[in-house]
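Listed below, chain by chain, are the residues.
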Amino acid sequence: MGVEAHATNERVTGRRWTVRLDPVGRGRADVRVSCSRPACAAQVLPSAADGRTAAIAHLKAHLRAGPAPRPSVHCACRAEECHTHIRPAGPRERPVPWRCGGAVVLAVITDREGRWWQVLECCSRCAAAHPTAKVVATAPAAEAPARGDGFRADAPAPAPPGGPAATTPTFSAVSPHFSHSATAAATGTAVPQQASGPRSSAPRSARPTRKRPPRGRIAQRLVPHDLRPVALRDELTELGELFRAYQARTEPDLAVLADLHARKAEAFNAWAEVTADTGLRLDARRAEQAAATARLQHLHRIGQAPDGEGPAVVRLLTAPAQWNHARAVLAHVAENAPLPGAEARLLVLMVTLRTAQSGVGNLVGQDIKGLPLQDPEHLVGQLVESGWLGISGTVEELIASRPESPTRISVPSLTPDEDDPGPFTFGRKLRPKLSGWAQRVVGEKKLRKGKTGADVRLLALALATGADGEGRLGPGGEGIGLDALASWCAVDPGDLPDLVDRLTAADWLAEADVTGTLLTGRLTERVLPLGCPLT
């Protein structure tokens, strides 16, 4: 009897499956819709909009046809300590496990970009903890068996005489009901009424209740109910809603963001005057700075000068912080290149930009064959033999790899750990921008048509990061030292005049002059958008 009871008390982990939307290949508009359930074949759709529609329809079909949540299963998040929806406080801190509880539900979670949808059979507490969870069905509470029947209190209840369908909740006939909290009608349970007692002649639910107005929230601050004037309270509440709506946008609008920060600064200053709170004054000052920064970035993006006097250069990298990070990457590569020569320096730079954030990344054969390298296969092999580069597979497989099946690469010296966070401080979103900027400079049309070598393209990178806002070389237009340029390009100083002539022929440089120690001149207007001005 003990063996049978143990077998009956075993509880399985809740179901989980994912529907994904992935690009088919680089530079292509069609997308692939795939489902983790083994019986589902992948679909290829002509556009992201068609793929998203097909993915949602596929998910809804599973939800209509599949079984309802089972009240006796373990939460699907429990095995992973809720890594799905609980984020750690730091990059290497262990997340605190969430305590599971509540009825078992079938929840759908998705990312903000609409690239994947995951269905979880989990507890209602875990579903509520995830910001994007939508509950589509709730299982009824399992009744505990009577004592002395050989089962535990948390064992699943036996099926009623009517069969499983008698206790299984059903989905909507039209489409699944997506909501953050299941209602009594969705769960199929009745709302209990308060029994009448000697002090009450009517049920509690029949008594009128006073409802407080909803409290506004802005910048993690609650707006007090009694804040006066009322117009200030309403303005703070509305601003909080507008900021949250802006964060939910799919595309940024820096002009709108600048206006929101300006309104926030004015409202926080008024709030500080009413409450004499120094912290509110500091928040108002930060909002003013954020408004000025967002407005300046907006002007740069639309090609206008900050003072409105004339058009500004629309640059690929738009902010001074991005320009400084680009110079930091070039300096790191110059100091830590494992092999000598311009070709090795150029390849190390491009691989570093692919793996700068985490030490790992993807690479395809065209990324290497598009560089001006005489023997790319041999050069990659040297980097692997030196231990600087690690690849999944052979060098030949890397050179032959295509965008639909890229090769995984790693650079151990860039991989962060507990003692060393890595040489770079920029975030995940900036890394592809820096990599794209370097590819645009190295693969610039006239440099490619002129069949310039790696040394010329390294010089183009150095000059793009060594000119001021008007394109004049060096701080204040005074020029750049030849020794620094020769060291970065991995050439002798005597070879620089020929490289400068090739850049001048490619319409990169104008008024160039090589003296004994300096290179003076300016970048042409054609390449100013690729520049990272000195600040």
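Thresholds, definitions, all that
Residues numbered from 1 in each chain as written. Predicted model: local features only at pLDDT ≥ 70, side-chain atom pairs only at ≥ 80, totals over all residues. Heavy atoms only, no water. Pairing = 2+ DSSP bridges. Helix = DSSP H or I, 4+ residues; strand = E, 2+ residues; numbered from the N terminus. Axes fitted to C-alpha atoms, helices over the stretch in contact; angles between N-to-C directions. Contact = heavy atoms within 4.5 Å. Core = buried A, V, L, I, M, F, W, Y, C linked by side-chain atoms within 4.5 Å. Buried < 20%, exposed > 50% of the residue type's maximum accessible area, 1.4 Å probe, protein only. Salt bridge = Lys/Arg side-chain N within 4 Å of Asp/Glu carboxyl O. 1 Å grid on protein atoms, 1.4 Å probe; cavity = no way out; pocket = protein on both sides within 12 Å on 5 of 7 lines; lining within 4 Å. Points joined across faces, edges and corners; volume = space filled by probe spheres on them. Nonpolar A, V, L, I, M, F, W, Y, C, P; charged D, E, K, R; others polar. Expected span 1.5 Å × (residues − 1). Parallel < 35°, antiparallel > 145°, perpendicular 65-115°, else oblique. Left-handed = near helix turned anticlockwise from the far one by under 90°.

**Q** So what about the sheet that holds strand β1 (residues 16-23)? Which residues, and what values?
**A** Pairing in this open sheet of six strands is antiparallel, and the strands run β3-β2-β1-β5-β4-β6 from one edge to the other. Two strands in the sheet have a free side with no partner beyond their single neighbour: β3 (43-45) and β6 (134-138). In this sheet, neighbouring strand axes are inclined to one another by 20 degrees on average, regardless of whether the strands run parallel or antiparallel. In this structure, strand β4 (residues 104-110) lies alongside β6, joined through four bridges in antiparallel fashion. Bridge pairing in β6 places Val105 opposite Thr138. Running at roughly 170 degrees to β1, helix α2 (residues 48-65) makes contact with β1, β2 (31-35), β3, β4, β5 (116-123) and β6 of the sheet.

**Q** Let's hear about the nonpolar core: which residues, and what values?
**A** Ranked by internal contacts, the top residues of the largest apolar core, which has 73 residues, are Trp437, Leu463 and Trp508. Beyond its immediate stretch of four places on either side in the chain, Trp508 contacts Val441, Glu444, Leu447, Ala460, Leu503, Arg522, Leu523, Thr524, Arg526, Val527 and Leu530. Counting 19 residues, the second largest nonpolar core, distinct from the first, contains Leu257, Ala258, Ala267 and Leu280.

**Q** Explain the pattern of salt bridges to me, and be specific about the residues and the numbers.
**A** Per the stated rule, a full pass over the model turns up 20 salt bridges. A salt bridge links Glu121 to Arg15; the nearest nitrogen and oxygen atoms lie 3.0 Å apart. Taken together, the positions of Glu121 in strand β5 and Arg15 in the loop between α1 (2-9) and β1 put the pair 106 residues apart, joining distant regions of the chain. The class for Glu121 is buried, based on a relative accessible area of 0%. In the salt-bridge network here, residues are joined through shared partners; they are Arg221, Asp277, Asp283 and Arg286.

**Q** Talk me through the layout of surface pockets; I want residue IDs and the actual numbers.
**A** For the second largest pocket, the calculated volume is near 580 Å³. Lining the second largest pocket are 20 residues; nearest its centre among them are Arg354, Gly361, Asn362, Arg408 and Arg431. Contributions of two or more residues to the lining of the second largest pocket are made by α9 (342-355), β9 (360-363) and α13 (430-442). At four residues, the largest contribution of residues to the lining of the second largest pocket is made by β9. Looking at the lining of the second largest pocket residue by residue, the class counts come to eight nonpolar, six polar and six charged.

**Q** Give me α9: which residues, what numbers.
**A** Its 14 residues place the ends of α9 20 Å apart at the C-alpha level, agreeing with the 20 Å of an ideal helix rising 1.5 Å per residue. For α9, a buried count of 13 out of 14 residues is recorded, marking the element as mostly surrounded by other parts of the structure.

**Q** How would you summarise the packing of helix α5 (residues 230-247) against helix α6 (residues 254-275) if you had to cite specific residues and measurements?
**A** For any two helices packed against each other, one specifies the inter-axial angle together with the distance between the axes. Look at α5 against α6: their axes get within 10 Å of each other, and the N-to-C directions meet at 150 degrees. It follows that α5 is roughly antiparallel to α6 by the angle criterion. Every pair of crossing elements has a handedness; the one defined by α5 and α6 is left-handed. In contact with Leu232, Glu235, Leu236, Glu238, Leu239, Leu242, Phe243 and Tyr246 of α5, α6 contributes Leu254, Val256, Leu257, Leu260, His261, Arg263, Lys264, Ala267, Phe268, Ala270, Trp271 and Val274. Residue composition of the contact of α5 with α6, by class: 15 nonpolar, one polar and four charged.

These values are about where atoms sit, not about what they do.
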